[in-house]
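Report on the structure
Chain by chain, the residues:
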Amino acid sequence: MFHDTLTRTLMAAIAAALLFHTTAASAATTDCPLRDAPFSVDSPLLDVLLSPAAHAIVDRETPTLINPLPLHLQKLDAAAFAAILTLRIVAKSKALDLTKLDAALRAEPVTPADRHARCARYDDDPLTTLPRAGKPALLIFQKITGFRDGPSVDAGERALRAIAARKGWTVVVTDRGGAMTAATLNQFDAVVWNNVSGDVLTLRQRAAFRQYIEQGGGFIGIHGAGGDLAYFWDWYTDTLLGARFKGHPTNPSFRDARVQVDRADGITRGLPPSWSMNDEWYSFFASPRATDATVLLTLDETSYAPVGGGASIAMGDHPIAWKRCLGEGRVFYSAIGHRPETYADPNNQRFLEQSIAWAAKRGTTQCRNGREVPAQ
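Residues numbered from 1 in each chain as written. Predicted model: local features only at pLDDT ≥ 70, side-chain atom pairs only at ≥ 80, totals over all residues. Heavy atoms only, no water.

**Here's the deal with the packing of aromatic side chains**
The geometry of two aromatic rings is summed up by the distance between their centres and the angle between their planes. The test is simple: We call Phe, Tyr and Trp rings a pair once their centres come within 6.5 Å, taking the six-membered ring for Trp, and we label the pair stacked below 30 degrees between planes, edge-to-face above 60, and tilted otherwise. Put simply, DSSP H or I for four residues or longer makes a helix, DSSP E for two residues or longer makes a strand, and each gets a number counted from the N terminus. Three labels apply to residues, based on accessible area from a 1.4 Å probe with only protein chains included: buried if under 20% of the type maximum, exposed if over 50%, partly exposed otherwise in between. Comment: the charge-over-ring label is applied if NZ (Lys) or CZ (Arg) is within 6 Å of the ring centre and within 35 degrees of the ring normal.
Counted under the stated rule, the structure contains 18 aromatic pairs. Each ring, one from Phe245 and one from Tyr282, has its centre 4.7 Å from the other, and the planes form 65°; the classification is edge-to-face. Of this pair, Phe245 sits in strand β5 (residues 245-247) while Tyr282 sits in the loop between β7 (274-280) and β8 (283-284), and the two are 37 residues apart along the sequence. Residue Phe245 is classed as buried on the basis of its relative accessible area of 7%. Ring-pair connections join several aromatic residues into one group, and the members of that group are Phe141, Trp193, Phe209, Phe219, Tyr231, Trp233, Trp235 and Tyr236. Between the NZ or CZ atom of Arg118 and the centre of the ring of Phe39, over which it lies, the distance is 4.6 Å. For Lys323, the ring lying beneath its charged end belongs to Trp358, and the centroid distance is 4.8 Å.

This is how it looks when you write it as structure tokens:
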């Protein structure tokens, strides 16, 4: 037991050092959202793994919870799947009573070392490249602390750069959360979250980003930006996106399906009534229609099997792309975009380009006091 505890302590110390090393040139952050939060079964699994004491409590109370997990779920890298998992999610299929475990975790003091490890994956690095004045500008944001699928991120960036080139827009790309300041954001017409996964913004950065959107900025979320198993910022999921990810098909993850188009909206002009493509199709716990979103694309669930992890994840009415007004801001999200090939699909290319134009205030409508009105 002593040897196991010592090993965990050393590994956690090494992992924390590696996490810190990834942002060694970053300004120190102390306002990360969960810095002082008690350990619990709803903490990021990564924070539990980084704490030898918390890890030992889990091993003692529920030894079958962490140890059997695949190694890729226990990695402590800067971008770690464990950052978008919780013990409650891990235990979901095991029918375990977590009451005693949760109480034991909450009783464990949060140490300065724990706070340091939690904040190490955030940064406060300012944006060093700013857009040229006089041209519409997009900020492509791709900081990832959760699941990073390199090919989808790279393909998304290439597609966004190509759209900007066709439109004559300026593009700046960053993977630094420190770009989220009022002074920086106000120089951009819209911000694209390109397959962002994991909690990535400090409290000050969250406030600046939220203010930017509500006061007239644009947001474009692509695929992974709405596909985490666990979120730790309710405003982002419940207000900005308006839907929480439930799952996607498995074995295989990628399937052919028919995309249905609401052609009454200006964003979908020129698109066919439907088209078929192959991708990783997200399901959500509830439809974004319930949060007053305007749905643009839906999936025909008769065209594929919406089954993930052996259970149905069918939605019936199944939105996969939508928009909304949030204050003066324009919000767009599309769940399409895991496979790099989706960015070369001509229908998806057109849809994405027209959606970005709308979010960047280059469409035929605009947002006023939370309502979409004709552009003036």
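Picking up where we left off.
**Notes on the nonpolar core**
To be explicit about the condition: In plain words, nonpolar cores are sets of buried Ala, Val, Leu, Ile, Met, Phe, Trp, Tyr and Cys residues tied together by side-chain atoms within 4.5 Å. In what follows, residue pairs with any heavy atoms lying within 4.5 Å of each other are defined as contacts.
Ranked by size, the top nonpolar core spans 75 residues in total, and within it Trp193, Phe209, Phe219, Tyr236, Leu240, Trp281 and Leu297 carry the most contacts. In terms of residues, this core owes the most to one element, helix α11 (residues 346-359), which gives six residues. In this view, Trp281 contacts Gly247, His248, Pro249, Ser253, Arg255, Asp256, Ala257, Val259, Leu299, Tyr304, Ile320 and Ile336; residues no more than four positions away in its chain are not counted. Core analysis: the second largest hydrophobic core is formed by 28 residues, Phe39, Leu49, Ile57 and Leu76 among them.

**Examining helix α9 (residues 203-214)**
Operational definition: Expected span, for any helix, means 1.5 Å times one less than how many residues it has. The directions considered for the arc are those from the helix axis to the C-beta atoms.
Here α9 contains twelve residues, and its C-alpha end-to-end distance of 17 Å stays within 8% of the 16 Å for a straight helix at 1.5 Å per residue. Taken residue by residue, α9 has Gln205, Arg206, Ala208, Phe209, Tyr212 and Ile213 as its buried positions. Looking down the long axis of α9, one finds its buried residues gathered within 165° of arc, a one-sided arrangement. Tucked into the core, α9 has its buried residues touching α8 (182-185), β3 (190-194), β4 (218-222), α10 (234-241), β12 (319-326) and β13 (329-334).

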